[in-house]
Amino acid sequence: MVKQEFKAESKRLLEMMINSIYSKREVFLRELISNASDAIDKIYYKALTDDTLTFDNDSYYIKVSADKDNRILTITDTGIGMTKEDLENNLGIIAKSGSLAFKSENELKDGHDIIGQFGVGFYAAFMVADVVTVISKALGSDEAYKWESEGADGFSITPHEKESVGTEITLKIKENTEDDSYEEFLEERQLKAIIKKYSDFVRYPIKMDVSGQRPKEDSENELEDYQEEQIVNSMVPIWRKNKSELTAEDYENFYNEKHYGFDKPIKHIHLSVDGSIRYNAILYVPENMPYDYYSKEYEKGLELYSNGVLIMNKCADLLPDYFSFVKGMVDSEDLSLNISREMLQHDRQLKLIAKNINKKIKSQLQSLLKDEREKYEEFFKSFGRQLKYGVYSDFGTHKETLQDLIMFYSSKEKKLVTIDEYVSRMPEDQKYIYYASGESNERIEKLPQTELVSDKGYEILYFTDDIDEFAIKMIGVYKEKEFKSVSSGDLGIEADESQNNTESEENENKELFDFMRTILSDKVKDVRVSKRLRTHPVCLSTDGEVTIEMEKILSAMPD
Ligand code: ADP
Ligand code: MG
């Protein structure tokens, strides 16, 4: 028997993952059960397109059994199974998801997909087990194989006997140490609780042999031992459940189970719509930005189910770009299972759902802003740029949606404020909404151009993102107030002394001013006396629409 080495980088990844990705050891069971459920889903899909296959509900299940004396936990499924090559490829290379490959191999219609595509779930088993054994027989194959591994050392694959198609995963549960007990993964009651907690909504039955004592039927006082097979999960998907039955923890568990993120969601939105179109949806606003969020790699989208069956992993049409951070799923009975991606784009039902969802997200963000300000600010720090980008690029159609959700740092409040808050406390004599652009709040604070406005007691919004000025140019006027850069020539503030006065000062020093104008002729348009400065000797100002900061950004852009 030849032991194959894990690919070198896999070793380190395995250790890293075991120690960092999963905060709780018990989630290993969730991972193995979701793989089992994926494997049954795969047969389901095959049956949809292959007439020789039928999907008989009763023959598909997942079974969890524990042998306490031998410290063995077994997870069996009647799913699609794995060939020798599958075992080698899917369980030998960490972060290579067989489920992703399944899609292309089977040339499933574009749009079909299977839940798993992260490619690390299986290895969670090593958090609780010293040895993991996988015995599997693939659909349509006569041979079965055994994959075995003790963790980072590598794995072996040998032929093995197995009658029925499917997979049996055996974990040799670790011995207890002084600090750590693994006993719960061998106890019937605890296992049941873990399954309930993480896998209750799995569509296929999760069975366990349950034993105990109960009163004898014909006698009230006598007890009898019993052992029976029970279905542990309710099989009702969480999104079909009543909101009142669910706790915040249930939603959090679902978020983690689905790998929507490894953080905690900041808000969940559960929708059950029963109107002209029927659908259920669970949506999340994440707390942290995914590492690739502002990169090209990031793919927006929601999982799309048709009557409980996943048909697409990331349906992009359900989310506008400015809400691309939203995670979650939509299930609708009114969508056809065999729908393709091209068809989806034109699907009227889907458009309706998208529109509806969009409205809900907006109103939920508004109430988050209103009722849980701190949380909203946290959210805005991660995803605010995306909202501002939305104001800029989608403004024609989404003015109302977005302008009240964006925030800027305020010179007065020393924190993020909305435009509405700014306008509502403007003194009567203040004509404009003032803003100053710069690299950072600290830099802006030192800008000489801010002095006059600040001295007047007016608030200034600090623009530190490239997109900020472009975004407010799209808003143009907010509640009849225009935006004004503090570096613009005409600030609409009456200076204490009259214009004549500056002119006379300029005339008195005509030689000096002419000299400066000549020296700086290729750099500035004019040199003037300014009344707006207090502590700085000089500042730059603009007289057009484009401010100095915008000019910088524009000239940095490729033509
Ligand atoms: P993911 O589920 O994200 O793809 P995993 O590490 O959980 O990643 O699993 C890796 C791959 O191993 C799966 O994609 C699948 O191809 C295969 N696999 C794991 N468990 C099973 C199983 N019980 N039946 C069939 N295939 C499985
Ligand atoms: Mg998985």
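Within each chain, residue numbers correspond to sequence positions counted from 1 in written order. Chain letters start at A and ligand numbers start at 1, both assigned in the order the entries are written. Predicted model: local features are reported for residues with pLDDT of at least 70 only, side-chain atom pairs are reported and counted for 80 or more only, and whole-chain, interface and lining totals are derived from all residues.

A. Region of the structure containing the overall build of the chain. Helix and strand counts for the chain come out as 17 helices and 19 strands. Burial is judged by counting other C-beta atoms within 10 Å of a residue's own C-beta: 20 or more means buried, 12 or fewer means exposed, and anything between counts as partly exposed, with every C-beta placed from the backbone. Taken over 559 residues, the chain has a buried fraction of 33%. We call two residues in contact when the distance between their C-beta atoms, placed using the backbone, is within 7 Å. Of the contacts made within the chain by residues no fewer than 6 positions apart, 68% connect residues no fewer than 24 positions apart. Per the convention used, a helix needs a DSSP run of H or I reaching at least four residues, while a strand needs a run of E reaching at least two, with both numbered from the N terminus.

B. Just the confidence of the model for the chain, in detail. For every residue, the pLDDT score states the predictor's confidence, bounded by 0 at the bottom and 100 at the top. When pLDDT is averaged along the chain, the result is 84; 83% of the residues meet or exceed 70. Overall fold confidence (pTM) sits at 0.67, and the ipTM for the predicted complex is 0.99.

C. Fine view of the environment of lysine 3. Tracing the backbone shows lysine 3 in the segment before helix H1 (8-20). The exposure class of lysine 3 is exposed, given the 12 C-beta atoms found within 10 Å. The sequence separation of lysine 3 and isoleucine 157 amounts to 154 residues, and the corresponding C-alpha distance is 8.0 Å. The residues touching lysine 3, leaving out its near neighbours within four places in the chain, are Gly154 and Ser156.

D. Examining the sheet that holds strand E14 (residues 407-410) more closely. Here, any two strands with at least 2 DSSP bridges between them count as paired. One open sheet holds the six strands; their spatial order is E15-E14-E17-E16-E19-E18, and the pairing between them is mixed. The sheet is open, and its two edges are formed by strand E15 (416-418) and strand E18 (477-478), each paired on a single side. Two strands pair when backbone bridges link them, and strand E16 (residues 432-437) and strand E17 (residues 460-463) are joined in this way by four bridges, in the parallel orientation. When the bridges of E17 are listed, serine 437 appears paired with phenylalanine 463.

E. Layout of helix H8 (residues 348-371). Under the 1.5 Å per step criterion, the end-to-end length of H8 is 35 Å for 24 residues, consistent within 8% with the ideal 34 Å. Within the span of H8, buried status applies to Leu350, Ile353, Ile357, Ile361, Leu365 and Leu368. Given the number of residues in a helix, its expected span is that number minus one, multiplied by 1.5 Å.

F. Region of interest: the sheet that holds strand E3 (residues 129-137). Overall, mixed pairing links the eight strands, which are arranged E5-E4-E3-E6-E2-E1-E7-E8 in an open sheet. Because the sheet does not close on itself, it has two edges, and the strands there are strand E5 (155-160) and strand E8 (223-231). Neighbour-to-neighbour, the strand axes of the sheet open up by a mean angle of 20°, direction not taken into account. In this structure, strand E1 (residues 62-67) lies alongside strand E2 (residues 72-77), joined through six bridges in antiparallel fashion. Residue pairing in the sheet places aspartate 67 in a bridge with isoleucine 72 of E2. Axes, fitted as lines to C-alpha atoms, cover a helix only where it is in contact. Angles between the N-to-C directions of the axes lie from 0 to 180 degrees. Helix H2 (residues 27-49) rests against E1, E2, strand E6 (166-173) and strand E7 (206-215) of the sheet, and its axis sits at about 20° to E2. Helix-sheet contacts for helix H5 (residues 188-199) involve E1 and E7, and the interaxial angle to E7 is about 135°.

G. Representation of the packing of H2 against H5 within the structure. Between H2 and H5, the shortest axis-to-axis distance is 9 Å and the interhelical angle comes to 65°. Considering how the two elements wind past one another, H2 and H5 form a crossing that is right-handed. In contact with Val27, Leu29, Arg30 and Ile33 of H2, H5 contributes Ile194, Ile195, Tyr198 and Ser199. In the scheme used here, Gly and all other residues not listed as nonpolar or charged are polar, with Ala, Val, Leu, Ile, Met, Phe, Trp, Tyr, Cys and Pro taken as nonpolar and Asp, Glu, Lys and Arg as charged. Each residue belonging to the contact of H2 with H5 can be placed in one class, and the counts come to six nonpolar, one polar and one charged. Working rule for handedness: look at the near helix, and if it is turned counterclockwise from the far one by less than a right angle, call the crossing left-handed; if clockwise, right-handed.

H. Summary view of the environment of lysine 351. Residue position: lysine 351 is located in helix H8. Sequence separation of lysine 351 and aspartate 317 is 34 residues, and the distance between their C-alpha atoms is 7.8 Å.

I. Expanded view of the nonpolar core. Think of a nonpolar core as buried Ala, Val, Leu, Ile, Met, Phe, Trp, Tyr and Cys residues, each tied to the set through C-beta atoms within 7 Å. Formed by 114 residues in total, the largest nonpolar core has its most connected members in Ala125, Val330, Ile460 and Leu461. With nine residues, the single largest contributor to this core is H2. Ignoring any residue separated from it by four or fewer positions in sequence, one finds valine 330 in contact with Tyr279, Ala281, Leu302, Leu304, Tyr305, Leu318 and Ile353.

J. Representation of the pairing of E5 within the structure. With six bridges connecting them, strand E4 (residues 144-149) and E5 associate as antiparallel partners. Of the residues in E5, the one forming a bridge with lysine 146 is threonine 158. The hairpin formed by E4 and E5 contains five residues between the paired strands, and glycine 151 there has a positive phi angle of roughly 110°.

K. Main features of H5. Over its twelve residues, H5 runs 16 Å from end to end, which matches the ideal 16 Å to within 8%, given 1.5 Å per residue. Turning to H5, its buried residues number three or more, namely Leu191, Ile194, Ile195, Tyr198 and Ser199. Projected onto a plane normal to the axis of H5, the buried residues spread over an arc of 100° and lie on a single side. The arc refers to the directions leading from the helix axis to the C-beta atoms.

L. The pairing of strand E11 (residues 302-306), seen in detail. For E11, the buried fraction is high: four of the five residues fall into the buried class. Across four bridges, E11 lies against strand E13 (residues 327-332) in parallel orientation. Along E13, the bridge assignment pairs serine 306 with serine 332.

M. Examining the environment of tryptophan 239 more closely. Within the secondary structure, tryptophan 239 is located in the loop between E8 and helix H6 (248-257). On a C-alpha basis, the gap between tryptophan 239 and valine 330 in space is 8.6 Å, while along the polypeptide they are 91 residues apart. Among all residues touching tryptophan 239, those that are not within four sequence positions of it are Asn280, Ala281, Ile282, Met329 and Asp331.

N. Local environment of unusual backbone geometry. The backbone of lysine 414 sits at a positive phi, close to 60°, despite the residue not being glycine. Within the secondary structure, lysine 414 is located in the loop between E14 and E15. Lysine 414 sits in the exposed class, given 9 other C-beta atoms within 10 Å. Here glutamate 480, not a glycine, exhibits a phi torsion of approximately 65°, which is positive.

O. Spatial organisation of the packing of helix H9 (residues 373-393) against helix H14 (residues 466-475). Here H9 crosses H14 at 40°, and the two axes come no closer than 8 Å. Overall, the two elements H9 and H14 adopt an arrangement that is oblique. As for how H9 packs across H14, the hand of that crossing is left-handed. In this structure, H9 uses Arg385, Lys388, Tyr389, Val391 and Tyr392 to contact H14, whose residues at the interface are Ile467, Asp468, Phe470, Ala471, Met474 and Ile475. The residue makeup of the contact of H9 with H14, split by class, is eight nonpolar, no polar and three charged. The cut-offs work like this: below 35 degrees is roughly parallel, past 145 is roughly antiparallel, 65 to 115 is roughly perpendicular, and the gaps in between are oblique.

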